[in-house]
Amino acid sequence: MMSEDPDRVLVERIQRGDKAACAECIERHSPGVYRVALRLTGSEAEAEDVMQETFFSAFKAIDKFEGRSGLATWLYRIAHNAALMRLRRLQPDSV
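Residues numbered from 1 in each chain as written. Predicted model: local features only at pLDDT ≥ 70, side-chain atom pairs only at ≥ 80, totals over all residues. Heavy atoms only, no water.

### Notes on the overall build of the protein chain
Here comes step 1: Across its full length, the protein chain carries 4 helices and 0 strands.
Here comes step 2: Going from the N terminus to the C terminus, the protein chain shows its helices and strands as α-α-α-α.
Here comes step 3: Projected onto the principal axes, the alpha-carbon positions of the protein chain cover approximately 60 × 25 × 20 Å.
Here comes step 4: Every one of the 95 residues in the protein chain was classed for burial, and the buried ones make up 35%.
Here comes step 5: Put simply, of all contacts in the protein chain between residues at least 6 apart along the chain, 56% involve residues at least 24 apart. (Helix = DSSP H or I, 4+ residues; strand = E, 2+ residues; numbered from the N terminus. Buried < 20%, exposed > 50% of the residue type's maximum accessible area, 1.4 Å probe, protein only. Contact = heavy atoms within 4.5 Å.)

### A short note on the packing of aromatic side chains
Here comes step 1: As enumerated under the stated definition, the model contains 2 aromatic pairs in all.
Here comes step 2: For the ring pair phenylalanine 65 and tryptophan 74, a centre distance of 4.9 Å and an interplane angle of 50 degrees mean the geometry is tilted. Neither residue differs from the other here; phenylalanine 65 and tryptophan 74 are each classed as buried. (Phe/Tyr/Trp six-rings, centres within 6.5 Å; stacked < 30°, edge-to-face > 60°.)

### Digging into the nonpolar core
Here comes step 1: Counting 24 residues, the largest nonpolar core has Ile14, Cys25, Leu71, Trp74 and Leu75 as its most contacted members.
Here comes step 2: When contributions to this core are tallied by element, the ones reaching two or more residues are helix H1 (6-15), helix H2 (19-41), helix H3 (44-60) and helix H4 (71-90). (Core = buried A, V, L, I, M, F, W, Y, C linked by side-chain atoms within 4.5 Å.)

### Describing the packing of H3 against H4
Here comes step 1: Running from N to C, H3 and H4 cross one another at 125 degrees; their axes reach a closest spacing of 9 Å. Accordingly, the angle class assigned to the pair H3 and H4 is oblique. Considering only the axes of H3 and H4, their crossing is right-handed. Residues Glu46, Asp49, Val50, Glu53, Thr54, Phe55, Ser57 and Ala58 of H3 pack against Trp74, Leu75, Ile78, Ala79, Ala82, Ala83, Arg86, Arg89 and Leu90 of H4.
Here comes step 2: Partitioning the contact of H3 with H4 into residue classes produces 10 nonpolar, 2 polar and 5 charged. (Axes fitted to C-alpha atoms, helices over the stretch in contact; angles between N-to-C directions. Parallel < 35°, antiparallel > 145°, perpendicular 65-115°, else oblique. Left-handed = near helix turned anticlockwise from the far one by under 90°. Nonpolar A, V, L, I, M, F, W, Y, C, P; charged D, E, K, R; others polar.)

In structure tokens:
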């Protein structure tokens, strides 16, 4: 008998509005999300902000998560996009 994917169960709990599942998701995935953000931004403070934005965006859009990729992959993609948007905003306007 195969065991159930813990991330799939976690997503289902979050989709049902389980706040404890949100906290568990953050605890489980924040180290990886932070590493992605830090690698892209090069700043601990920016990486922290990107991490916050990532989980906020993910929880807001959790009903759209289809499970075609793993939860971690989805979160890393959100973090990657958030970091790039942040870097674009921080760049001085080019002529």
